[in-house]
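This is what each chain is made of:
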Amino acid sequence: MLRTFRIGGIHPPENKLSAGKPVEVLPIPSQVVIPLGQHIGAPAVAAVKKGDEVKVGTIIAQAGGFVSANIHSSVSGKVLKIDSVFDSSGYTRPAIFIDVQGDEWEEGIDRSPALVKECKLSAKEIVDKISAAGIVGLGGATFPSHVKLSPPPGTKAEILIINAVECEPYLTSDHALMLEKGEEIMVGVSILMKAIQVQKAVIGVENNKKDAIAHLTKLAAAYPGIEVMPLKVQYPQGGEKQLIDAVIRKQVKSGALPISTGAVVQNVGTVFAVYEAVQKNKPLIERIVTITGKKLSRPSNFLVRIGTPIAALIEAAGGLPENTGKIIGGGPMMGRALLSPDVPVTKGSSGVLILDKEESVRKPMRDCIRCAKCVGVCPMGLNPAFLMRDTLYKSWDTAEKGNVVDCIECGSCSFTCPANRPLLDYIRQAKKTVMGIQRTRKQ
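Residues numbered from 1 in each chain as written. Predicted model: local features only at pLDDT ≥ 70, side-chain atom pairs only at ≥ 80, totals over all residues. Heavy atoms only, no water.

As annotated in an unreviewed UniProt entry, the chain is Ion-translocating oxidoreductase complex subunit C from Porphyromonas loveana. We quote the UniProt Subunit (unreviewed entry) comment for the chain here in full: "The complex is composed of six subunits: RnfA, RnfB, RnfC, RnfD, RnfE and RnfG." As recorded by UniProt, the Subcellular location (unreviewed entry) comment attached to the chain reads in full: "Cell membrane". (UniProt positions renumbered as here; feature names shortened; annotations may be inferred.)

This is the structure we're talking about:
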């Protein structure tokens, strides 16, 4: 019997419309807009100014602290300006605007397709190289990878878990990557095992990707310590805590870090980025993005330069359908509506979903009937109905006692609610407020 996590979960319609579509290289745009805050933690600090010439791979912003990440130019050309831009969250953030001129790369970046297996670097050298390359979690959380690979004192990694679940409906970027770059992923896993000094790695893949499971299982036979584990299809199994529970049957306690279970989790896209950074000297300047939707003429998986406007992906996929209601950055469960198709692709952009007007209109909210369906599906064991109530009454102490900060914002509660209550919207507000209160308390 296939494993999965043990608390809550749902199985929304998968709608993997772009599954099986090969990765296409999106043409380089005439201008890119590269935000300075593409990761959890402190924004990067601009290292270039208006008029500077840059190449592909030139560092244009340096990490603003330990929990931060370097940012590199994804194109060659001239810095037009440093200005504010609306990002996928709907807020304005500082960004570097670059006018594209040619496609000249920094020296030392290996662009050949040749597989490089051997890595002679020490664990520290690997982590330093990952940090220099600006690698962050590509599953959406965008946590700087070098931080995860540096466990706090008193903790020790025992196992590496690779998140190849891709449980969010519609999205197929990780699936496409596994089919096309399996060997590179295996080398990347081996490098990460060396970085955290463990002998065992498990690649967790949901069972709706049987071709990827078969492909990776065949490759893993040549790599000691790496196992491919098929998992039951259950959302939100791509959540770090849920995946740890599914793979090693350990649950992360409230307020504790995942490393407390002995596990370090990395997304499969991050693994490939690590391979390119360590073995090819290539910083994180591009990623695979799914562009999809039921009315879209050509759902696709594109390899996209960071900073490319999302409008370019939409155009390449056949253009915006006439009856479009919303453009979602990410998948339908955890994604957010974008203010404009001009929002740039960032390191955390796994997908773009086009919803028609009928799909995107919320049904009228009704009174809670205390059915407890939201409680039953919550993978963190919370009471979403009560947390929404606490938010409405601004009962922040009660929300904190209800562990609102543990919410992983998966949206299972809102999806299940028969009264159409926007539970997640309110819980996000409470979580942000309570976290602010906690920070103030520590000062």
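*Asks:* Explain the environment of glycine 269 residue by residue, including any values.
*Replies:* Within the secondary structure layout, glycine 269 lies in helix 7 (residues 268-280). On the accessibility criterion, glycine 269 (8% relative accessible area) is buried. Considered as a pair, glycine 269 and serine 173 are 96 residues apart in the sequence and their alpha carbons are 8.5 Å apart. Look past the residues within four positions of glycine 269 in its chain and what remains in contact with it is Leu138, Asp174 and Leu177. (Helix = DSSP H or I, 4+ residues; strand = E, 2+ residues; numbered from the N terminus. Buried < 20%, exposed > 50% of the residue type's maximum accessible area, 1.4 Å probe, protein only. Contact = heavy atoms within 4.5 Å.)

*Asks:* Which residues make up the pattern of salt bridges, and what are the values?
*Replies:* On inspection of all chains with the given rule, the structure shows 25 salt bridges. Salt-bridge contacts for glutamate 409 lead to arginine 428; the nearest nitrogen and oxygen are separated by 2.8 Å. In this pair, glutamate 409 sits in the loop between helix 12 (396-401) and helix 13 (412-416) while arginine 428 sits in helix 14 (residues 423-442), placing the two residues 19 residues apart along the sequence. Of the two residues, glutamate 409 and arginine 428, both sit in the buried class. The structure contains a network of salt bridges with shared partners spanning Asp103, Arg111, Glu276, Lys282, Glu286 and Arg305. (Salt bridge = Lys/Arg side-chain N within 4 Å of Asp/Glu carboxyl O.)

*Asks:* Talk me through the UniProt feature "binding site: [4Fe-4S] cluster 1" (unreviewed entry) in the chain; I want residue IDs and the actual numbers.
*Replies:* On the UniProt side, "binding site: [4Fe-4S] cluster 1" (unreviewed entry) is annotated at positions that read Cys368, Cys371, Cys374 and Cys417 here. On the basis of their most widely separated C-alpha atoms, the annotated residues across 50 residues gather in one place, lying no more than 10.7 Å apart. Relative to the helices and strands, cysteine 368 resides in the loop between helix 9 (357-360) and helix 10 (373-377). For cysteine 368, a relative accessible area of 29% puts it in the partly exposed group. Sequence-distant contacts of cysteine 368, defined by excluding residues within four places in its chain, comprise Ala385 and Arg421. Structurally, cysteine 417 is set in the loop between helix 13 and helix 14.

*Asks:* How would you sum up the layout of surface pockets? Please name residues and give values.
*Replies:* Each pocket or cavity is described by its volume, and for the second largest pocket that value is around 760 Å³. Elements with a minimum of two residues in the lining of the second largest pocket: strand 1 (23-25), helix 3 (173-180), helix 7, strand 13 (286-292) and strand 14 (300-305). Residues of the lining of the second largest pocket, tallied by class, amount to 19 nonpolar, three polar and 13 charged. (1 Å grid on protein atoms, 1.4 Å probe; cavity = no way out; pocket = protein on both sides within 12 Å on 5 of 7 lines; lining within 4 Å. Points joined across faces, edges and corners; volume = space filled by probe spheres on them. Nonpolar A, V, L, I, M, F, W, Y, C, P; charged D, E, K, R; others polar.)

*Asks:* Can you tell me about the packing of helix 3 against helix 5 (residues 210-220), naming the residues and giving the values?
*Replies:* Running from N to C, helix 3 and helix 5 cross one another at 35°; their axes reach a closest spacing of 9 Å. With respect to the hand of their crossing, helix 3 and helix 5 are arranged in left-handed fashion. Touching His175, Met178 and Leu179 of helix 3 are Asp211, Ala212, His215 and Leu216, all from helix 5. Among the residues making up the contact of helix 3 with helix 5, the classes are represented as four nonpolar, two polar and one charged. (Axes fitted to C-alpha atoms, helices over the stretch in contact; angles between N-to-C directions. Left-handed = near helix turned anticlockwise from the far one by under 90°.)

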